[in-house]
Amino acid sequence: AEPSGVVEAVVDAGFRRTTGLTPHAYLMQVRLGAACRGLRRGLPIADVAAASGFYDQSALTRHFKRCYGITPRQFARAAAARRSIFANTGVARSP
């Protein structure tokens, strides 16, 4: 931000006004959304963590639990159970 003459605090304030989140909080939401999609597809948690931009599985777990109140493993198990229910009934499911 500074090479263009704009102070970082001004950019952060504008971002927060526009999105309602700080840049870091927004980035965490984007990463957690990507992690949820990977976990729903049944990918391994460590692979999901890396693909979503987290340093490691521990970092994903910490942020995931703080945001959703459950661990990525609990989420993945629930998603797998949901997949198997719909697979066995032949009912179309929403994404």
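One can find the structure itself at the top, above this paragraph.
A quick note: this is a predicted structure, and the numbers were derived from the prediction, not measured.

1. Digging into the nonpolar core
Stage number 1. Counting 14 residues, the largest nonpolar core has Leu 32, Leu 39, Val 48, Phe 54, Leu 60, Phe 64 and Phe 75 as its most contacted members.
Stage number 2. The set of elements that each furnish at least two residues to this core consists of α2 (23-40), α3 (45-51), α4 (57-68) and α5 (72-89).
Stage number 3. The biggest single contributor to this core is α2, with five residues.
Stage number 4. Leu 60 has contacts with Leu 32, Ala 35, Ile 45, Val 48, Ala 49, Phe 54 and Pro 72, leaving out every residue within four places of it along the chain.

2. So, a nonpolar patch on the surface
Stage number 1. A cluster of nonpolar side chains, Val 6, Val 7, Val 10 and Val 11, forms an exposed patch at the surface whose accessible area comes to about 300 Å².
Stage number 2. Within the element layout of this structure, Val 10 appears in helix α1 (residues 8-19).

3. Observations regarding α4
Stage number 1. Taking 1.5 Å of rise per residue, twelve residues should cover 16 Å, and α4 covers 16 Å from first to last C-alpha, within 8% of that figure.
Stage number 2. Buried within α4 are the following residues: Ala 59, Leu 60, His 63 and Phe 64. Around the axis of α4, the buried residues are gathered within 125° of arc, so they sit on the same side.
Stage number 3. One or two steps after α4, the chain reaches Gly 69, where phi turns positive at roughly 80°.

4. Section: the side chain of His 63
Stage number 1. Here His 63 lies in helix α4.
Stage number 2. For His 63, a relative accessible area of 16% corresponds to the buried category.
Stage number 3. Residues contacting His 63, with those up to four places away along its chain left out, are Met 28, Leu 32 and Phe 54.

Definitions and limits used
Residues numbered from 1 in each chain as written. Predicted model: local features only at pLDDT ≥ 70, side-chain atom pairs only at ≥ 80, totals over all residues. Heavy atoms only, no water. Core = buried A, V, L, I, M, F, W, Y, C linked by side-chain atoms within 4.5 Å. Buried < 20%, exposed > 50% of the residue type's maximum accessible area, 1.4 Å probe, protein only. Helix = DSSP H or I, 4+ residues; strand = E, 2+ residues; numbered from the N terminus. Contact = heavy atoms within 4.5 Å. Patch = residues over 30% accessible without salt bridge, like charges linked within 9 Å, V, L, I, M, F, W, Y side chains within 5 Å. Areas by Shrake-Rupley, 256 points an atom, 1.4 Å probe, with all protein chains shown as cover. Salt bridge = Lys/Arg side-chain N within 4 Å of Asp/Glu carboxyl O. Expected span 1.5 Å × (residues − 1). Arc of directions from axis to C-beta.

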